[in-house]
Amino acid sequence: MDVSFLLCLFGCQGSDGELKVEKDGVSDSESKVDSGVPEVPVPADDTPEVLNKALSGLSSRWKNWWVRGILTLAMISFFFFIIYLGPMVLMMIVLCVQIKCFQEIITIGYSVYHSYHLPWFRTLSWYFLLCVNYFFYGETVTDYFFTLVQREEPLRILSKYHRFISFALYLTGFCMFVLSLVKKHYRLQFYMFGWTHVTLLIVVTQSHLIIHNLFEGMIWFIVPISCVICNDIMAYMFGFFFGRTPLIKLSPKKTWEGFIGGFFATIVFGIMLSYVMAGCRYFVCPVEFNNDSNSFQVDCEPPELFQLQDYALPGILESVTGWTTVRLYPFQIHSIALSSFASIVGPFGGFFASGFKRAFKIKDFANTIPGHGGIMDRFDCQYLMATFVNVYIASFIRGPNPSKVIQQLLALRVDQQLHIFNSLKAHLTEKGLLPALEEATA
């Protein structure tokens with residue numbers, strides 16, 4: 001889950017142990033099985049010359065450790081800077097990372113099959129990316145900034161016919177693909193058509209969910225991403241120093257020691273980070289458009305989820321600590337679920353990416369970040385995490401939103417509004433609530 005520069009650590013940190021593996025992580029037997037798959041050219045080492053000179057006296061193991069560590073600290077610092085700039089900048093960064101991840105995966109496909117001279121492959125891939133982004137971002141703008149859309153006539157028209165326009169754009173690309181089919185390459189062209197669409201599903205759809213999480217409040221964006229980063233770093237550290245037992249064949253350098261150490265460290269980190277952030281309105285309030293100031297704002301009365309409450313401790317903990325109750329934010333309890341997913345299930349996004357890279361005999365998706373690989377290498381776990389957070393919010397957190405209902409009501413015709421008003425009045429009267437409300441008002 002990685003946001004390059006800022007989220008560059010967002011994905012899985014690669015290896016977390018020092019177990020001996022075959023060259024490029026691919027065994028001889030696997031090479032024979034996959035011998036029919038064209039190899040992707042291996043990018044040259046692009047570690048900055050300054051670091052190469054400073055670390056020239058170290059072994060390759062420790063040199064890689066220092067390179068990764070230095071650049072990780074730099075990326076974390078940049079992440080803090082981007083958070084300071086606000087949610088809209090974060091959304092733009094997510095879009096940039098999405099495009100770069102898409103480019104890295106499509107480039108692998110092109111590198112493997114470019115010798116076949118498939119017509120329009122890259123052009124159509126980027127066109128479909130444009131179409132899918134137009135659809136998702138249009139849906140997001142209409143959903144979260146309904147008042148702004150209804151106020152501006154061009155936006156209102158685009159919003160009204162948004163899905164039809166999106167379908168027409170996709171249909172154009174579909175027809176272009178059919179027209180590009182070449183008799184001797186039918187099967188390969190359909191392979192690449194599927195390649196593009198699966199990439200869109202993995203990258204674009206889930207990056208769209210990241211933005212949805214961000215709209216719920218920056219805490220739903222920062223805490224999950226930070227938990228993945230923490231798990232990556234701590235799993236790498238525990239595996240580097242204590243790793244002895246292999247975890248999974250797909251990623252031979254992963255160890256059980258790193259996996260377990262990363263889990264406990266991530267749980268503690270998630271609880272602590274949640275406590276710090278839950279008390280700040282800037283992080284917990286949803287992103288909304290203010291009609292009066294014509295700008296986006298992050299300000300609200302913190303909901304109950306982000307208000308300190310007293311919780312009774314179980315008897316065992318009470319006997320150990322001597323406390324009968326403890327004051328926590330309810331969000332801290334939810335953070336345990338987020339941290340657990342980040343450290344137990346999240347790494348499977350990295351294992352999936354490892355399997356993909358081994359299938360094409362490559363070490364990294366690209367060499368964008370020295371010691372780390374490509375942006376996709378940093379973001380693989382984050383995509384899985386983003387989907388979980390979105391589902392978690394929808395299932396356990398989000399309730400009916402009165403402001404959105406009112407926005408939709410105001411967009412109706414006057415006669416429709418009156419009909420809803422009379423229906424609601426009759427319902428409240430039948431329930432015996434309306435007289436009480438009228439008496440309270442009087």
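Residues numbered from 1 in each chain as written. Predicted model: local features only at pLDDT ≥ 70, side-chain atom pairs only at ≥ 80, totals over all residues. Heavy atoms only, no water.

If you check an unreviewed UniProt entry, the protein appears there as Phosphatidate cytidylyltransferase from Dicentrarchus labrax. Under Sequence similarities (unreviewed entry), UniProt gives the following word-for-word description of the protein: "Belongs to the CDS family." According to its UniProt record, the protein has this under Subcellular location (unreviewed entry): "Membrane". (UniProt positions renumbered as here; feature names shortened; annotations may be inferred.)

## Remarks on the UniProt feature "transmembrane region" (unreviewed entry) in the protein
Within this numbering scheme, the UniProt entry marks residues 65-97, 118-137, 164-182, 189-211, 217-242, 263-284 and 331-353 as carrying the feature "transmembrane region" (unreviewed entry). Along residues 118-137, the helical share is 85% and the strand share 0%, with 30 Å between the first and last C-alpha atoms. (Helix = DSSP H or I, 4+ residues; strand = E, 2+ residues; numbered from the N terminus.)

## Some remarks on the packing of helix 5 (residues 87-113) against helix 17 (residues 375-397)
The contact between helix 5 and helix 17 brings their axes to 10 Å, and the two run at 110°. In terms of orientation, helix 5 and helix 17 fall into the roughly perpendicular class. For helix 5 against helix 17, the interelement crossing comes out left-handed. Across the interface between the two elements, Val97, Gln98, Lys100, Cys101, Glu104 and Ile105 from helix 5 touch Ile375, Met376, Phe379 and Tyr383 from helix 17. (Axes fitted to C-alpha atoms, helices over the stretch in contact; angles between N-to-C directions. Parallel < 35°, antiparallel > 145°, perpendicular 65-115°, else oblique. Left-handed = near helix turned anticlockwise from the far one by under 90°. Contact = heavy atoms within 4.5 Å.)

## Regarding a nonpolar patch on the surface
Together, Leu58, Trp62, Trp66, Ile70, Phe241 and Phe242 make up a nonpolar patch on the protein surface, roughly 570 Å² of accessible area in all. Those elements that provide at least two residues to the nonpolar patch are helix 4 (60-85) and helix 11 (219-242). Broken down by element, the nonpolar patch gets its largest block of residues, three residues, from helix 4. Tryptophan 66 gets classed as partly exposed once you look at its relative accessible area, which sits at 41%. (Patch = residues over 30% accessible without salt bridge, like charges linked within 9 Å, V, L, I, M, F, W, Y side chains within 5 Å. Areas by Shrake-Rupley, 256 points an atom, 1.4 Å probe, with all protein chains shown as cover. Salt bridge = Lys/Arg side-chain N within 4 Å of Asp/Glu carboxyl O. Buried < 20%, exposed > 50% of the residue type's maximum accessible area, 1.4 Å probe, protein only.)

## As for the nonpolar core
Residues Cys101, Ile219, Trp220, Phe221, Val223, Phe306 and Phe331 are the most contacted members of the largest nonpolar core, which totals 81 residues. When residues in this core are grouped by element, the largest group, 12 residues, is from helix 5. Those residues in contact with phenylalanine 331 that sit more than four places away from it in its chain are Ile219, Trp220, Val223, Ser274, Leu305, Phe306 and Leu338. (Core = buried A, V, L, I, M, F, W, Y, C linked by side-chain atoms within 4.5 Å.)

## Description of the packing of helix 6 (residues 121-144) against helix 9 (residues 162-180)
At a minimum axis separation of 10 Å, helix 6 and helix 9 run at an interaxial angle of 170°. Considering their axes alone, helix 6 and helix 9 lie roughly antiparallel with respect to each other. The residues of helix 9 that touch helix 6, namely those facing Leu124, Tyr127, Phe128, Cys131, Tyr134, Phe135, Gly138 and Glu139, are His162, Arg163, Ile165, Ser166, Leu169, Tyr170, Thr172, Gly173, Phe174, Met176, Phe177 and Ser180.

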